[in-house]
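Close look at the chain arrangement
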Amino acid sequence: MTAPVIGVLALQGDVREHLIALAAADAVARPVRRPEELAEVDGLVIPGGESTTISKLAVLFGLMEPLRARVRAGMPVYGTCAGMIMLAEKILDPRSGQETVGGIDMIVRRNAFGRQNESFEAGVDVRGVDGDPVEGVFIRAPWVESVGAAAEVLAEHEGHIVAVRQGNALATSFHPELTGDHRVHALFVDMVRASRAPESL
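Every residue gets a number counted from 1 within its own chain, in the order that chain's sequence is written. In view of the model being predicted, local features appear only for residues whose pLDDT reaches at least 70, and side-chain atom pairs are presented and counted only at 80 or more, with totals across whole chains, interfaces and linings using the full set of residues. Only heavy atoms go into the side-chain values, all of them from the structure, while hydrogens and water stay out.

For the protein chain, an unreviewed UniProt entry supplies the name Pyridoxal 5'-phosphate synthase subunit PdxT and the organism Streptomyces flavalbus. UniProt positions are given in the numbering used here, feature names are shortened, and annotations may be inferred rather than shown by experiment. UniProt annotates the protein chain under Function (unreviewed entry) with the comment "Catalyzes the hydrolysis of glutamine to glutamate and ammonia as part of the biosynthesis of pyridoxal 5'-phosphate. The resulting ammonia molecule is channeled to the active site of PdxS." Its UniProt record gives the protein chain a comment under Subunit (unreviewed entry), which states: "In the presence of PdxS, forms a dodecamer of heterodimers. Only shows activity in the heterodimer."

**Quick word on helix α4 (residues 64–72)**
Among the residues of α4, those classed as buried are Met64, Leu67, Arg68 and Val71. Axial view of α4: buried residues confined to an arc of 95°, hence all on one face. Downstream of α4 by one or two residues, Gly74 has phi in the positive range, about 105°. Three labels apply to residues, based on accessible area from a 1.4 Å probe with only protein chains included: buried if under 20% of the type maximum, exposed if over 50%, partly exposed otherwise in between. Secondary structure follows DSSP: runs of H or I at least 4 residues long count as helices, runs of E at least 2 residues long count as strands, and numbering of each begins at the N terminus. Picture the helix axis, draw a direction to every C-beta atom, and the arc is the one those directions span.

**Some words on the UniProt feature "active site" (unreviewed entry) in the protein chain**
Sequence positions flagged by UniProt for "active site" (unreviewed entry) are, in local numbering, Cys81, His175 and Glu177. Taking the farthest pair of C-alpha atoms as the criterion, the annotated set spanning 97 residues converges on one region, since that pair is 11.1 Å apart. Lining residues of the largest pocket drawn from the annotated list: Cys81 and His175. Within the fold, Cys81 resides in the loop between β4 (77–80) and α5 (82–87). We call two residues contacting when some pair of their heavy atoms lies within 4.5 Å. Residues contacting Cys81, with those up to four places away along its chain left out, are Gly48, Ile139, Arg140, Ala141, Pro142, Thr172, Ser173, Phe174 and His175. In contact with Glu177, not counting residues within four places along its chain, are Asp14, Glu17, His18, Thr80 and His185. Counted as a polar contact is a pair of N or O atoms within 3.5 Å, where, for protein atoms, one must be capable of donating a hydrogen and the other of accepting one, and residues adjacent in sequence contribute only when both atoms are in side chains. Polar side-chain contacts of Glu177 include one of 3.4 Å to the side chain of His18. Here a cavity means grid points, on a 1 Å grid over the protein atoms only, where a 1.4 Å probe fits yet cannot get out; a pocket means an open set of points with protein on both sides within 12 Å along at least five of seven lines; lining residues are those with an atom within 4 Å of a point.

Written as structure tokens, this is what we have:
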């Protein structure tokens, strides 16, 4: 099977780091800024950054509705930090005009772990990732207040949900792309490969 083509939503945030991590996990990684670029990828990463800004730019660039349509149709998608917020069905205390893509039945609290100067790193045991705990980098990170029946909790930190999967959608509060440990990206690449498998039969 050819390597999956995975896009990184390149409107704002740590796009370059995700492109490097995806390439290290044997995917073809491309930045995505326009609907026609979104149409050409097998999966998409929504990076960390500022969720309100990403939301408004996605609307401005005409990407919000195509994104929602592809996620509803089953395109694999992975959101880190702000990306997790973008994949939530509901945000507690959203900013004015803030929209989400949806895809995971969860309620997310923005900046739950504190402000920029309260950023930290911690080992996180992530279900589906073998070996030592993943080193989680938490920067103004959200946490998940609650999940619906269809969502699977993959990891918690100090009693708070920090990684969730629902079908082809994956989300983490933390930034694995900043550590050089590409196991979470490899998990997502495997999800994309599995979603493409019927096409290769």
